[in-house]
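A structural walkthrough
Single-letter residue listing:
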Amino acid sequence: MALHFQSLAELEVLCTHLYVGTDLTQRIEAEKALLELIDSPECLSKCQLLLERGTTSYAQLLAATCLSKLVSRVSPLPVEQRMDIRNYILNYVASQPKLAPFVIQALIQVIAKITKLGWFEVQKEQFVFREIIADVKKFLQGTVEHCVIGVIILSELTQEMNLVDYSRPSAKHRKIATSFRDTSLKDILVLACSLLKEVLAKPLNLQDQCQQNLVMQVLKLVLNCLNFDFIGSSADESADDLCTVQIPTTWRTIFLEPETLDLFFNLYHSLPPLLSQLALSCLVQFASTRRSLFNSPERAKYLGNLIKGVKRILENPQGLSDPGNYHEFCRFLARLKTNYQLGELVMVKEYPEVIRLIANFTITSLQHWEFAPNSVHYLLTLWQRMVASVPFVKSTEPHLLDTYAPEITKAFITSRLESVAIVVRDHLDDPLDDTATVFQQLEQLCTVSRCEYEKTCALLVQLFDQNAQNYQKLLHPSSGVTVDITIQEGRLAWLVYLVGTVVGGRLTYTSTDEHDAMDGELSCRVFQLISLMDTGLPRCSNEKIELAILWFLDQFRKTYVGDQLQRTSKSEHFPFLGISDSYSLSDFRCRTTFYTALTRLLMVDLGEDEDEFENFMLPLTVAFETVLQIFNNNFKQEDVKRMLIGLARDLRGIAFALNTKTSYTMLFDWMYPTYLPILQNAVERWYGEPACTTPILKLMAELMQNRSQRLNFDVSSPNGILLFREASKMVCTYGNQILSLGSLSKDQIYPMKLKGISICYSALKSALCGNYVSFGVFKLYGDNHFDNVLQAFVKMLLSVSHSDLLQYRKLSQSYYPLLECLTQDHMSFIINLEPPVLMYVLTSISEGLTTLDTVVSSSCCTSLDYIVTYLFKHIAKEGKKPLRCREATQAGQRLLHFMQQNPDVLQQMMSVLMNTIVFEDCRNQWSVSRPLLGLILLNEKYFSELRASLINSQPLARQEVLAQCFRKLMEGVEQNLSIKNRDRFTQNLSVFRRDVAEALRSDGNTEPCSLDMMS
């Protein structure tokens, strides 16, 4: 139903709901009303009403929002109407300059959008929407508030022109942006610079908030001008170190004037930190100006002015104590080397003094390791690029990097080692835990460290020997203080990282044989540390050192081993392939990993090339054809068995690596229908030999895995059903045959029987949860493969005792998740089980709830929740049974009757869960809470007895507290199992568990009473 806004009061209520309301429903209704208001013919009149007579800023904001959406429509308003809106807003903000800032911003955005979208519209041979700069100049002649509004208009317009609207043609956006750049942007920049010059020309009252705001907005305007996408490159802003500002050639005169750079350096020194960092941001863009804007003498002069500015900042470093200024200055330094070559820098007159100041600044920054690590990235980038450029410098002027680069390296090394003690003793965040930052800094340092490598190597050798000796002493039982050992391990971790870094730096810098010998000295020490730690395991195990060693080994491999080894492989290197005569079945286990690696290499360029895949599979094709011939004759049983074991392991490795639909389909088409029956035959013949059946069953389990949606075949393909039918046959064959083995001894039962059953359950679970088979199809078309495999599941299950089900971890971790899938999607199967079978299943859930394995206990909770929910919904529907639900109702009635006959089943599980919550370390509380609510609602009387039992078992002093805990547990909980109600109960249970634990601990003089709630 359409809403009609008859009064200002109604509109203001709408604003309140939309912007400050906390009721989600009211906010959604307000948003709908806003859309209807935009579409209504009276939209403009209502916006005018809100602007002129609205009593709150939110009313004005709503009007601005409506106008913004109105003028942004694909089908635009008439030109006259848009001109009226623009002129109205200009007059409105001029008459009310003290509006809330967010209202002014929103209204100015409307002007910017109107201007951009109407940039090429002409009336009376004039571009009617390009007069905006002339309009703004009127604002600049008014009060400070008016000046601020004028500057914001230009700033918003510049941003809007730069903003790509992907709902409109990109070519049109580029045409408008290019025209704006060529006709207006330079004038805007000149105007902004002239305003800044005026600011510096007269004494600046920094206490005046209006003046501060004006300077801030003008600096933001300059920054928007310099950030403009001049050539339509849409550069990624995250690629900060690669950024070049493509200043138009027509702007050369502005940039060639020394006064332009001086203006921003002077502003930096004159303004407070909040504003001075904006001046530095502008200088970052000036430093990034494209080289081709100048000829060589002009470029040298421009660079000289930049370097003078750097020198002045470093000689007066007070402003750099502000984090914002510090960060922008580091970016500024990095941009200098990005845009200028080292040969150009050394030619600047002030270079020797400036490089000394930058080195001191970098050393100080590195020593304050806890301060702004993101900014240090830019400093290390500067030094990395400077050092990397040394071989290419042709100038005779000294670059002095051989003096300062070793000092930078030394400062990094010593500061990181000194940080360890502070981090450990003050319990600070360890920089080593931020591996992304550490690796980034080390990769930058590796180049710097190779400059004057002798100094760096000598320092590292000295520090490594000293710290390794101290560590060895502390490992003595008599002298080991935990804190000291932790500090020493942290230092060694840093040293190993640093050795890996400098060794890796060999690839980035010119090296000699002497340098290689130094790498050997350092590497030898790391290998000795590895030996020391290996002899002291497990006491000497330290994760940080081990991660550092992995970094070192990776760097050592890249530098001295290489990624491509020239090595001839012989048959004795691969005994698991069965090439030599002396091989055993245990060797075959490596074949899976081997074929996974080979297939991953194949996948790099495979794409949809079926011929390539057939060639890859050719050896296996030949092997299977051989097996097929032997099967058809009086075969040599042992030979064919060995071949099939190897083939099953090979195929499992291949299947594991095929994670795309296309590649998996190639494998399935290769295997079906020719070769899968051979595996079926093998399971039937050798079911009592796990060495043969286990690899085949594991292959089938891998084939059933819908990893990365690889089994989501095309809609016209029956492959999903065909695959499930083959799996069903194999599971049924194995299940029926394995039961004929009879009773087995304790040491034989797992390898001979339970291991195979657990693999079958894993395969079945993958099929049920894979979402690539519609199981209703089987019943619809009279196909019994699904029913058969479920019956095989039951037969195998009943042959396993409850104790074995929980004792063997792999079996429990395959059975319980499978049961979870069955209760979730196939409840009709569960409730149609014979009473003894259903009792077995429920008992297995009850026993699984108490296990310490959270995978098992969580699956039990989920399965129980599905059963309880089904039962609860059935009871809730009693009395309103339509005919179409008669069959489902009868099934539900059967489950209800079973539970009424065996009431202790659910009561026992409620006791277990309550006992877990109250007395045990419950690590999956959320999972426990879900079935518990249903159990309580189904057995309120028994829950009352449990509650009374717990309360009465405690001393009188605690009884009232516990009673209050139980009252709070059910507070606000309704008689249903809706998600909202469950979440409420889960929250209550969390509070309940905490409060009960505190209550049971509160009386220190009383022995803690443990209630056996399962009695």
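Attention here is on the structure that accompanies the text. Just so it is clear, the model here is predicted, and its values are computed rather than measured.

1. Topic: the overall build of the chain
When you go through the chain residue by residue, the secondary structure sums to 45 helices and 2 strands. Compactness check: the chain gives a C-alpha radius of gyration of 38 Å against a globular reference of 31 Å for 1015 residues, more than 25% above the reference. Relative to its 1015 residues, the chain shows a buried fraction of 50%. Sequence-distant contacts, at least 24 apart, represent 77% of the contacts inside the chain between residues at least 6 apart. With an accessible surface of roughly 48600 Å², the chain has 52% of that area assigned to carbon and sulfur atoms. The centroid of the 97 positive side-chain charges in the chain is displaced by 2 Å from the centroid of its 110 negative side-chain charges.

2. Structural notes on the environment of Pro 398
Position of Pro 398 among the secondary structure elements: in the loop between α18 (373-388) and α19 (401-426). Linking Pro 398 and Pro 352, residues 46 residues apart in sequence, is a C-alpha distance of 8.4 Å. With residues near it in sequence (within four places) discarded, Pro 398 still touches Val 346 and Tyr 351.

3. Details of the nonpolar core
Core analysis: the largest hydrophobic core is formed by 197 residues, its most contacted members being Leu 219, Phe 255, Phe 264, Phe 329 and Trp 383. Sequence-distant contacts of Phe 329, that is, excluding residues within four places in its chain, are made with Leu 280, Val 310, Ile 313, Leu 314, Leu 320 and Phe 361. By size, the runner-up hydrophobic cluster in this structure holds 145 residues, among which are Phe 668, Tyr 808, Val 841 and Leu 932.

4. Focus: the layout of surface pockets
In this structure, the second largest pocket encloses a volume near 690 Å³. Taken together, 26 residues form the lining of the second largest pocket, with Lys 779, Asp 787, Ser 828, Phe 829 and Asn 832 sitting closest to its centre. Within the residue set of the lining of the second largest pocket, elements represented by two or more residues are α33 (776-780), α34 (785-798), α36 (809-825), α37 (827-831) and α40 (886-901). The class makeup of the residues in the lining of the second largest pocket is 13 nonpolar, 6 polar and 7 charged.

5. Description of the pattern of salt bridges
If you walk through the whole model with that rule in mind, you get 33 salt bridges. Between Lys 729 and Glu 726 there is a salt bridge; the shortest N-O distance is 3.2 Å. Residue Lys 729 and its partner Glu 726 are both found in helix α31 (residues 719-738); the two are separated by 3 residues, about one turn of the helix. Glu 726 sits in the buried class, given a relative accessible area of 6%. When salt bridges with common partners are traced through the structure, they connect Arg 291, Arg 299 and Glu 344 into a single cluster.

6. A closer look at the packing of aromatic side chains
According to the stated counting rule, one finds 44 aromatic pairs in the structure shown. Taking the centre distance of 6.0 Å and the plane angle of 40° together, the rings of Phe 180 and Phe 228 count as tilted. One end of the pair, Phe 180, is in helix α9 (residues 170-201); the other, Phe 228, is in the loop between α10 (209-226) and α11 (252-256), and 48 residues separate them in sequence. Comparing Phe 180 with Phe 228, the two get one shared label, buried. Here a set of aromatic residues connected by ring pairs shows up, and it is made of Trp 119, Phe 180, Phe 228, Phe 230 and Trp 251. Over the ring of Phe 412 we find Arg 416; its NZ or CZ atom is 4.4 Å from the centre of that ring.

7. Examining unusual backbone geometry
Here the amide bond leading from Tyr 672 into Pro 673 is cis, since omega sits at 5°, within 30 degrees of zero. Within the secondary structure, Pro 673 is located in the loop between α28 (661-671) and α29 (676-685). Despite not being glycine, Leu 400 shows a phi value in the positive range, around 65°. On the secondary structure map, Leu 400 appears in the loop between α18 and α19. For Leu 400, a relative accessible area of 22% puts it in the partly exposed group. The phi torsion at Ser 708 lies on the positive side, around 55°, for a residue other than glycine. Topologically, Ser 708 is positioned in the loop between α30 (690-703) and α31.

Cut-offs used in this document
Residues numbered from 1 in each chain as written. Predicted model: local features only at pLDDT ≥ 70, side-chain atom pairs only at ≥ 80, totals over all residues. Heavy atoms only, no water. Helix = DSSP H or I, 4+ residues; strand = E, 2+ residues; numbered from the N terminus. Rg over C-alpha atoms; globule rule 2.2 N^0.38 Å. Buried < 20%, exposed > 50% of the residue type's maximum accessible area, 1.4 Å probe, protein only. Contact = heavy atoms within 4.5 Å. Areas by Shrake-Rupley, 256 points an atom, 1.4 Å probe, with all protein chains shown as cover. Lys, Arg positive; Asp, Glu negative; His and termini not counted. Charge placed at Lys NZ, Arg CZ, Asp CG, Glu CD. Core = buried A, V, L, I, M, F, W, Y, C linked by side-chain atoms within 4.5 Å. 1 Å grid on protein atoms, 1.4 Å probe; cavity = no way out; pocket = protein on both sides within 12 Å on 5 of 7 lines; lining within 4 Å. Points joined across faces, edges and corners; volume = space filled by probe spheres on them. Nonpolar A, V, L, I, M, F, W, Y, C, P; charged D, E, K, R; others polar. Salt bridge = Lys/Arg side-chain N within 4 Å of Asp/Glu carboxyl O. Phe/Tyr/Trp six-rings, centres within 6.5 Å; stacked < 30°, edge-to-face > 60°. Lys NZ or Arg CZ within 6 Å of the ring centre and 35° of its normal.

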